[in-house]
Amino acid sequence: MSTTSESSGTPFSAETYFATQLPPPNLDQDVSRVREFVKRQVKEGRRVVLVTSGGTTVPLELNVVRFLDNFSAGTRGATSAEYFLKAGYAVIFMHRQFSLQPFSRHYSHSTHPFLDFLDVNPADTDGHQISVTPVEQAQLLNVLTTYKKVHQTGVLHTLTFVTVNDYLWLLRAVSKELSVLGRNALFYLAAAVSDFFLPRQKMSEHKIQSGKGSLHIEMDQVPKILKPLVNEWTREGFIVSFKLETDPELLIPKSRTALSRYGHQVVIGNDLHRRKFEVVFVSPANSTKPLDDAQPSNFVETWIRIDPAQDPAKEIEEDIVTELGQRHDAWIHALGQ
Ligand code: PMT
């Protein structure tokens, strides 16, 4: 399939995108649940963080058989959500369907399947009893207790997306709902969002047939959603985006460019291979705008590192969330002046 002849060559603006692409079918229902959740958190005086997590897909057909995907298991998002809850935030966890989730992530079917630590014990009466292997009990008790408490207090709300289209519609709708929180809202955009997509107007209705030889697809650029997020949808929220690179040399320059382009508060740079033990916070040195990304003195870089050899159980997300909590505090208090 070739879409070259239909391409306008001009990237979609966010406005054109939402005027031409259809919303996901359950958007209204999702939004009204978020509204209720946010209302309750405002009443109870909590800050709210929106954590986005996991990769987005780009379907190639309307009756989708094939799609492109972005790398992300959802570890960063799911782990961070737990530390935000621990720090007293209410969390909206917006994640790719079937990617890792807070609490259940400890028992992922691929790395730590729960059937492996259950034992079947003969019972006194008919049937059998199930018990947890002693070595797993302490951690399970800890995870389960926190999980139950979080659900009882109603401080975790979960939303799912699959495609980049679902993600964009949801992000716009949820960020508008969060705007009632003003500076008490934090955005933690850890999802791996596709940069390219196939507009539905260009998609084949049915499965692309393989008989015609090689496949040529020209994709359009996904609008950079951080721009309207910062300027229109949520003017006061504290916004943190992530930058993933595989070339370490690009991490800081690309993070600076993102900050100067979108004008938000922090970019967390992470290298694909070092992301579990090293990240860099890049932020403006002061609030002067516009930021020139060619001027290094306009930016401050703060590295966070952990040493897995010293403490294998330590998760870098704990330190990321502590640092962000302090910065968010400062952001809220700066408004009062
Ligand atoms: O889940 P894990 O396996 O633990 O991996 C975590 C991670 C490496 C995926 C995560 O830490 C990370 O780096 N996430 C962002 C990766 C990414 O998509 O980078 P980007 O350069 O495409 O986007 C940068 C930022 O802009 C992101 O915060 C994204 O949410 C946002 N974006 C991207 C595209 C777009 N059209 N609009 C956006 O707002």
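Cut-offs applied
Residues numbered from 1 in each chain as written. Predicted model: local features only at pLDDT ≥ 70, side-chain atom pairs only at ≥ 80, totals over all residues. Helix = DSSP H or I, 4+ residues; strand = E, 2+ residues; numbered from the N terminus. Buried ≥ 20, exposed ≤ 12 C-beta atoms within 10 Å, placed from the backbone. Near = placed C-beta within 6 Å. Nonpolar A, V, L, I, M, F, W, Y, C, P; charged D, E, K, R; others polar. Domains from an automatic or database assignment. Core = buried A, V, L, I, M, F, W, Y, C linked by C-beta atoms within 7 Å. Contact = placed C-beta atoms within 7 Å. Expected span 1.5 Å × (residues − 1). Arc of directions from axis to C-beta. UniProt positions renumbered as here; feature names shortened; annotations may be inferred. Pairing = 2+ DSSP bridges. Axes fitted to C-alpha atoms, helices over the stretch in contact; angles between N-to-C directions. Bend = angle between axes of the 7 residues up to and from the residue.

### Details of the overall build of the protein
And step 1. When you go through the protein residue by residue, the secondary structure sums to eight helices and 14 strands.
And step 2. In terms of overall dimensions, the protein has a C-alpha envelope of 75 × 65 × 45 Å along the principal axes.
And step 3. Expressed as a percentage of its 337 residues, the buried residues of the protein come to 34%.

### A short note on the site of the ligand
And step 1. The immediate surroundings of the ligand are formed by 21 residues, with Thr75, Leu189, Ser241, Phe242 and Leu244 found nearest.
And step 2. Here the shell around the ligand takes four residues from strand 11 (residues 238–245), the largest share from any one element.
And step 3. Here the residues of the shell around the ligand are counted per class, giving eleven nonpolar, five polar and five charged.
And step 4. Taken domain by domain, the makeup of the shell around the ligand includes at least three residues from each of domain 1 (1–105 + 159–234) and domain 2 (237–337).

### What about unusual backbone geometry?
And step 1. Phi is positive for Phe98, close to 70°, though the residue is something other than glycine.
And step 2. With respect to the element layout, Phe98 can be found in the loop between strand 4 (90–96) and strand 5 (118–122).
And step 3. For Phe98, a count of 10 C-beta atoms within 10 Å corresponds to the exposed category.
And step 4. A positive phi angle, near 70°, is found at Phe103, a position not held by glycine.
And step 5. Considering the arrangement of structural elements, one finds Phe103 in the loop between strand 4 and strand 5.

### Overview of the nonpolar core
And step 1. Counting 69 residues, the largest nonpolar core has Val51, Val91 and Ile92 as its most contacted members.
And step 2. Top element by residues in this core is helix 5 (residues 164–178). It accounts for nine residues.
And step 3. Counting contributing residues per domain, this core is built from domain 1 (1–105 + 159–234) and domain 2 (237–337), each supplying no fewer than three.
And step 4. Other than its neighbours up to four places away in sequence, Val51 contacts Gly77, Ser80, Ala81, Phe84, Val91, Phe93, Met94, Tyr188 and Ala190.

### So, helix 2 (residues 27–43)
And step 1. Given a rise of 1.5 Å per residue, 17 residues ought to cover 24 Å, and the 24 Å separating the end C-alpha atoms of helix 2 matches this to within 8%.
And step 2. Those residues of helix 2 that fall on the buried side of the exposure criterion are Asp30, Val34, Phe37, Val38 and Gln41. Here the buried residues of helix 2 occupy an arc of 100° about the axis, which is enough to place them on one side. For helix 2, the exposed residues lying more than 90 degrees away from the buried face are Asp28, Gln29, Ser32, Lys39 and Lys43.
And step 3. Of the surrounding secondary structure, the elements contacted by the buried residues of helix 2 are strand 1 (48–53), strand 4, strand 7 (156–161) and helix 5.
And step 4. Positive phi appears at Gly45, one or two residues downstream of helix 2, with a value of about 75°.

### Looking at the environment of Leu251
And step 1. Relative to the elements of secondary structure, Leu251 occurs in helix 7 (residues 251–262).
And step 2. In the structure, Leu251 is positioned 179 residues away from Ser72 in sequence and 18 Å away in space, judged by C-alpha atoms.
And step 3. With near-sequence residues (within four places) excluded, Leu251 lies in contact with Lys243, Glu245, Gly269, Asp271 and Val280.

### Thoughts on the UniProt feature "domain: DNA/pantothenate metabolism flavoprotein C-terminal" (unreviewed entry) in the protein
And step 1. In this numbering, the UniProt entry assigns the feature "domain: DNA/pantothenate metabolism flavoprotein C-terminal" (unreviewed entry) to residues 47–102 and 170–289.
And step 2. Counting secondary structure, residues 47–102 comes out at 21% helix and 34% strand; the distance between its end C-alpha atoms is 18 Å.

### A few points about the domain arrangement of the protein
And step 1. The assigned domain composition of the protein is domain 1 (1–105 + 159–234) and domain 2 (237–337).
And step 2. For domain 1 and domain 2, the distance between their C-alpha centres works out to 22 Å.
And step 3. Opposite the 21 residues of domain 1 that make contact, domain 2 presents 20 residues.
And step 4. Elements that contribute at least two residues to the side of domain 1 that touches domain 2 include exactly helix 3 (75–86), strand 8 (185–189) and helix 6 (226–233).
And step 5. Taken together, the residues that form the side of domain 1 that touches domain 2 break down as 14 nonpolar, four polar and three charged.

### Re the sheet that holds strand 7
And step 1. Strands sit in the order 7-4-1-8-11-12-13-14 across an open sheet of eight strands; the sheet is mixed. In this open sheet, the two edge strands, each paired with only one partner strand, are strand 7 and strand 14 (299–305). With strand direction ignored, the average angle separating the axes of adjacent strands in the sheet is 15°.
And step 2. Strand direction decides the pairing type here: strand 1 and strand 8, joined by five bridges, are parallel. Considered in strand 8, the bridge of Val51 is made with Tyr188.

### Here we look at helix 4 (residues 134–153)
Along an α-helix, residues three or four positions apart point the same way, because every turn accommodates 3.6 residues.
And step 1. A rise of 1.5 Å per residue sets the reference length of helix 4, with its 20 residues, at 28 Å; its end C-alpha atoms lie 29 Å apart and thus fit the reference within 8%.
And step 2. For helix 4, the principal kink sits at Leu140 and spans about 30°.
And step 3. A small share of helix 4 lies buried, amounting to zero of its 20 residues.
And step 4. One or two residues past the end of helix 4 sits Gly154, with phi positive at roughly 65°.

### Here's the deal with the environment of Leu50
And step 1. Within the element layout of this structure, Leu50 appears in strand 1.
And step 2. Under the C-beta neighbour-count criterion, Leu50 is labelled buried, with 25 such atoms within 10 Å.
And step 3. For the pair Leu50 and Gln221, spaced 171 residues apart in sequence, the C-alpha separation works out to 25 Å.
And step 4. Among all residues touching Leu50, those that are not within four sequence positions of it are Ile92, Met94, Val174, Leu178, Phe187 and Tyr188.

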